[in-house]
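# Structural features, examined
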Amino acid sequence: MQPEPPNLLRNSELKNKGVFTAFFIMSEGQSRFAALLSRVTTSNPDGEVSAMRWQRKGQLNITAADLALLSSPSFRDKLRDNIDACFNAGSSYPPIPSAVFFVLLNVAQEKNPKLLWKQYRLLLEVSNHPERYYRQYSITVHGKSRTVAEPLHPLFRYQKWILKNILDRAPLSDCAFAYRKGRTLTDNARVHRGKAVLVKLDISHFFDSITFGMVYRVFSEQMQYPREGATLLANLCCLNGRLPQGACTSPCLSNLVFAGADREFLAYCEQNGLSYSRYSDDLSFSGDAVDVGALLAFARQTLRKHGFRLNDKKTHVDGRGRQHKVTGVVCNEKLSAPAAYRRQLRQEMYYLKKHGVREHLAHRGDARFTADDGMADAEAYLFSLLGRISFVLQVDPGREEFREYCEIVKQYLKQEERRRELWDSDEFAFLR
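As a starting point, this report considers the structure included with it. Nothing here was measured: the structure is a model prediction, and the numbers come from that model. (Residues numbered from 1 in each chain as written. Predicted model: local features only at pLDDT ≥ 70, side-chain atom pairs only at ≥ 80, totals over all residues. Heavy atoms only, no water.)

Here we take up the packing of aromatic side chains. Following the criterion strictly, the structure yields 17 aromatic pairs and no others. Judged by centre distance (6.5 Å) and plane angle (50°), the ring pair of Tyr93 and Tyr225 falls under tilted. Here Tyr225 lies in the loop between helix 9 (212-222) and helix 10 (227-237) and Tyr93 lies in the loop between helix 4 (73-88) and helix 5 (99-106), a separation of 132 residues in the sequence. Each member of the pair Tyr93 and Tyr225 is classed as buried. Arranged with centres 6.4 Å apart and planes meeting at 70°, the rings of Tyr179 and Phe207 form a pair that is edge-to-face. Here Phe207 lies in the loop between strand 5 (197-202) and helix 9 and Tyr179 lies in the loop between helix 7 (155-165) and helix 8 (185-190), a separation of 28 residues in the sequence. For Tyr179, a relative accessible area of 39% puts it in the partly exposed group. When its relative accessible area of 12% is taken as the criterion, Phe207 is described as buried. (Phe/Tyr/Trp six-rings, centres within 6.5 Å; stacked < 30°, edge-to-face > 60°. Helix = DSSP H or I, 4+ residues; strand = E, 2+ residues; numbered from the N terminus. Buried < 20%, exposed > 50% of the residue type's maximum accessible area, 1.4 Å probe, protein only.)

Moving on: the nonpolar core. Formed by 72 residues in total, the largest nonpolar core has its most connected members in Phe102, Ile162, Ile166, Phe219, Met223, Phe258 and Phe265. Once residues lying within four places of it in the same chain are set aside, the contact partners of Phe219 are Ile162, Ile166, Leu167, Gln224, Tyr225, Ala230, Leu233, Ala234, Cys237 and Leu253. Of all hydrophobic cores here, the second largest spans 29 residues; its members include Leu198, Ala337, Phe369 and Tyr405. (Core = buried A, V, L, I, M, F, W, Y, C linked by side-chain atoms within 4.5 Å. Contact = heavy atoms within 4.5 Å.)

This paragraph deals with the sheet that holds strand 8 (residues 316-318). The 4 strands lie next to each other as 6-7-5-8, forming an open sheet whose pairing is antiparallel. Of all strands in the sheet, those with a lone pairing partner are strand 6 (275-279) and strand 8, marking the two edges. The sheet shows a mean angle of 15° between the axes of neighbouring strands, taken without regard to direction. Strand contacts of helix 12 (residues 259-272): strand 6 and strand 7 (282-287), with the helix running at about 155° to strand 6, the strand carrying the most contacts. This element, helix 13 (residues 292-305), spans strand 5, strand 7 and strand 8 of the sheet and lies at about 25° to strand 5. (Pairing = 2+ DSSP bridges. Axes fitted to C-alpha atoms, helices over the stretch in contact; angles between N-to-C directions.)

See the structure below:
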């Protein structure tokens, strides 16, 4: 559950505690800022400052601490020195106790108070209303419609910074193979090579099941950020209380959110002599002797405990004598791409070499590789074909036949590139 924000203090309580909290208004000018700052000084004679304060529904206010930091060049310089010292000491994550820290970390050595103030206003606006900074559209994947939320500037820049400086520093479970540099589909399948029984499970609506509260706990519990900093980061990474598909931070956050469930699955498998791996929402279990009923019961219980649900329609159990396939890779005795997959590629390459790209595409009639003007999108098809051939070589690098296919497709791509450059030249401008 999302943590409940505390009630805002009344004015009398604020005065007694020496803290001034004001609702942030985007239209406030420098004169308004000066007036607020003078009230901070009079209401807080000891010079103590507080971190960001909660507003209802998890939104953040401007506070005395933020105003003081923004107004004092010496304070900002001291703050930068502390941040640099923290990094030099080998700290795992950059310190973010308030929005000003996040702004200073993003704008580097910016010392112009006006620009700093502008960046601070923009950050609070984006954090409190992230839904205004997404472009949503639908795509079709395997015949099903999926909504993609594409972050816009400046939210996209904030998310890239969070991914590079915070999320990529976080340790991940060894059993998680998706969305990680240096790990592939083949590595995921290798865990289950040569096992007698393979059980494959799927999580229903994986990304949509990850809530604001789950993301908040990643920043607050796993990374030990204070409540205000964790709220800021979670706001920038969530949309309408969920993890959006399309944000660059979502894949890594999904692995971090699921880390607790991964640990429980690993412990269960160690006790029962099984192997376990996960690729995004695909869970794979294997062993020489598997109590399938007990495994399914434990999986349902564990997923429900962590806020997820099993998709029973995609549960598969493969025993001895059947083809074992994990994330598209056959893993019975040795790793290989499925035979039907290879036959399809051989057929495509035969017609490609016999008829050429455009005639081959016209015969296929595939809408995925048809441009808006109705013409065949040869480059898109060739890149898709090259990716599928590369997958076969990634699984089994020794297949020389597919290495030759790879070189042939690259030659076709060079021809298409020269054709496009010629078409874009002034010589053919009258035809466009």
